[in-house]
Amino acid sequence: MNNHIIITPEQAELIRGNHGKYSAIEPVPVPAGNYIISEDCISDPDLLSVKEQLQAMKRPDNVQDIKDVNESEISTGRLVNHNGLVVCIDAANEVFSYDTKEQSTVKKSVMIAPSLMVEREQIKALTTDADGNIKKLAGNVKYYVADLTEGTRTPATDTEVEKLINDGNIIITNE
Amino acid sequence: MSIVPIIKKFRLGSNLNQPEVQQYISGLTTPLSSAQKTKLNTFVRSLKNGLGISYLSSAFDVMYILGGETAESSLRNLVKNAHHATAVNSPTFTALEGFSGNGTSSYLNSNYNLSNSKIVASQNSVSLGVYNRSEITSLSTLAYAGARKTTLPESVTLLQGTSTSLFYYPNDTADTGITGLNGTTQKGMLITNRISDTIKEAYINKTKYQASVNSAAIAPLSLFILARDLDGNPDRYNTCQLSFCFVGKGFTQANINIITDTFEAYMDSNGKGVIA
């Protein structure tokens, strides 16, 4: 289990910093403006000075086991781990993460099938021409359909792309 | 005068004859056992004799025996009374084995700034090593230790891996990987090393790999362990269990062999060594 407690920005500020002799708590920002801290912090003997505060932040409904995503474990509304980032997938299958550089939640990609993901900006850049017109959709999209493992961007087959389009899993908007 | 007190005094002195160990154990809230102090003393003496140095600080800036007897001692820098590490978000500590992360939020901050804190490490003479006890199974890239600055001038000092590759950056920005590995071949001593401005090296349990890559400026960032310091923020959290981490000057193959063998002897003395 990799249980983490989801806390508010105000709670994060309360417990952020050095505690004990050689320990610290640095809440991790996640999509939707919240933060997470490891549930293990509560039982850490070097964090005894903030144990009561941490216990008070834990509720039955704000603890999640943050798992590495794989095909069978992706579900909407839950925080999951992907490529070392905590991300959240919404009902529209869009993947959000917190970008520490941007200091805000950003839309990372869109899930278009249980095991396939297209990076939103890549689709946008490579399926439109200089005038913004859609071009060669299937031909361009197929090379940017990736599986969920980092660095192994596998081109989808024509059949797979055709099925994705026919099933309505690829939708081009004016965003 | 009885001879017994003299013998006791001699024995006590012989246990603590390395100044680094004396400094290391002073001020600990939880004292170490005599057996552990002797093992640390043996490790330091053997390492210094092997490398031909009088003080660890002649060759190393920081050294953490993460697989120590207590979490408190394992976070202390053995080289000098500075840059003691901080356990962030409660990584798991197992006595005599080391720290492991949860892959989501926990890591160690060395509080050693690769650029501003360095004494013996430099752009063209640097080493970064870890001792890993775990099989790495992730296809995603996970950091063993290091930092990366992405704003120009970009700079990277880092060891990271996947289940099939080990990537090493001794002060350079080229994505050089040792491929064809599997999870178990990354168990043991992993070191990235540079002793020239044009050649980068990596060692996996003393086996050398190298590539022609020019050095780059050193990242003015803190060395993170079990994660990477990316422009001041942790990422690529690792779940591996690490028993050792150091940053030092660049070493020869003979020196690397001594560092690897000496630390493995320490781990074996506790029955925790993983190098075949």
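Structure shown above.
Rules of the game
Residues numbered from 1 in each chain as written. Chains lettered and ligands numbered in written order. Predicted model: local features only at pLDDT ≥ 70, side-chain atom pairs only at ≥ 80, totals over all residues. Heavy atoms only, no water. Helix = DSSP H or I, 4+ residues; strand = E, 2+ residues; numbered from the N terminus. Buried < 20%, exposed > 50% of the residue type's maximum accessible area, 1.4 Å probe, protein only. Contact = heavy atoms within 4.5 Å. Areas by Shrake-Rupley, 256 points an atom, 1.4 Å probe, with all protein chains shown as cover. 1 Å grid on protein atoms, 1.4 Å probe; cavity = no way out; pocket = protein on both sides within 12 Å on 5 of 7 lines; lining within 4 Å. Points joined across faces, edges and corners; volume = space filled by probe spheres on them. Nonpolar A, V, L, I, M, F, W, Y, C, P; charged D, E, K, R; others polar. Buried area = accessible area lost by both parts, 1.4 Å probe. Salt bridge = Lys/Arg side-chain N within 4 Å of Asp/Glu carboxyl O. Polar contact = N/O pair within 3.5 Å; in protein donor to acceptor, adjacent residues only side chain to side chain. Pairing = 2+ DSSP bridges. Core = buried A, V, L, I, M, F, W, Y, C linked by side-chain atoms within 4.5 Å. Phe/Tyr/Trp six-rings, centres within 6.5 Å; stacked < 30°, edge-to-face > 60°. Lys NZ or Arg CZ within 6 Å of the ring centre and 35° of its normal.

Draft legend 1. Representation of the overall build of chain A in the model. Regarding its fold elements, chain A presents 5 helices and 12 strands. Per-residue burial for chain A yields a buried fraction of 39% across its 175 residues. Long-range contacts, defined here as pairs at least 24 residues apart, represent 45% of the contacts in chain A between residues at least 6 apart. Summing over all exposed atoms, chain A offers an accessible surface of approximately 9,700 Å²; the carbon and sulfur share of this is 49%.

Draft legend 2. Focus on empty space enclosed by the protein. Considering all chains together, one arrives at 2 cavities of 30 Å³ or more under this definition. There is about 30 Å³ of room inside the second largest cavity. In terms of residue class, the lining of the second largest cavity is built from 6 nonpolar, 1 polar and no charged.

Draft legend 3. Up close: the interface of chain B and chain A. In this assembly, 27 residues from chain B lie in contact with 26 residues from chain A. Contact between chain B and chain A buries roughly 2,000 Å² in total, counting both sides, with carbon and sulfur atoms accounting for 45%. Of all residues in chain B, Asn 89, Ser 90 and Thr 104 of chain B bury the most surface against chain A, accounting for 29% of the area lost on that side. The interface formed by chain B and chain A contains 1 salt bridge. Between Lys 21 of chain A and Glu 72 of chain B there is a salt bridge, and its shortest N-O distance comes to 2.5 Å. Our enumeration of links across chain B and chain A arrives at 12 residue pairs in polar contact (both at pLDDT 80 or more). Top contributing element to the side of chain B that touches chain A by residue count: strand S2 (residues 86–88) of chain B, with 3 residues. Here the side of chain B that touches chain A is built from residues that sort into 8 nonpolar, 15 polar and 4 charged. When strand S3 (residues 23–25) of chain A meets S2 of chain B, the two strands line up parallel, connected through 2 bridges.

Draft legend 4. Focus on the nonpolar core. All names here are of chain B. Membership of the largest hydrophobic core comes to 53 residues, with the highest contact counts inside it found for Tyr 144, Leu 223, Ile 225 and Cys 245. For this core, the element with the most residues is strand S7 (residues 142–149), which contributes 4 residues. Ignoring anything within four residues of it in the chain, the contact list for Cys 245 reads Val 62, Met 63, Tyr 64, Leu 66, Leu 128, Gly 129, Val 130, Ala 145, Leu 223 and Ile 225. Formed by 30 residues, the second largest nonpolar core is a distinct cluster that contains Val 21, Tyr 131, Ile 256 and Met 267.

Draft legend 5. Geometry of the packing of aromatic side chains. Residue and element names in this part refer to chain B. Within this structure, the stated rule accounts for 12 aromatic pairs over all chains. Arranged with centres 5.0 Å apart and planes meeting at 45°, the rings of Phe 93 and Phe 99 form a pair that is tilted. Overall, the relative accessible area of 2% leaves Phe 99 in the buried class. By the ring-pair criterion, three or more aromatic residues cluster together here, those being Phe 43, Phe 60, Tyr 131, Phe 244, Phe 246, Phe 251, Phe 263 and Tyr 266. Over the ring of Tyr 168 we find Lys 200, and its NZ or CZ is 4.9 Å from the ring centre. Its end group placed over the ring of Tyr 169, Lys 200 keeps NZ or CZ at 5.2 Å from the ring centre.

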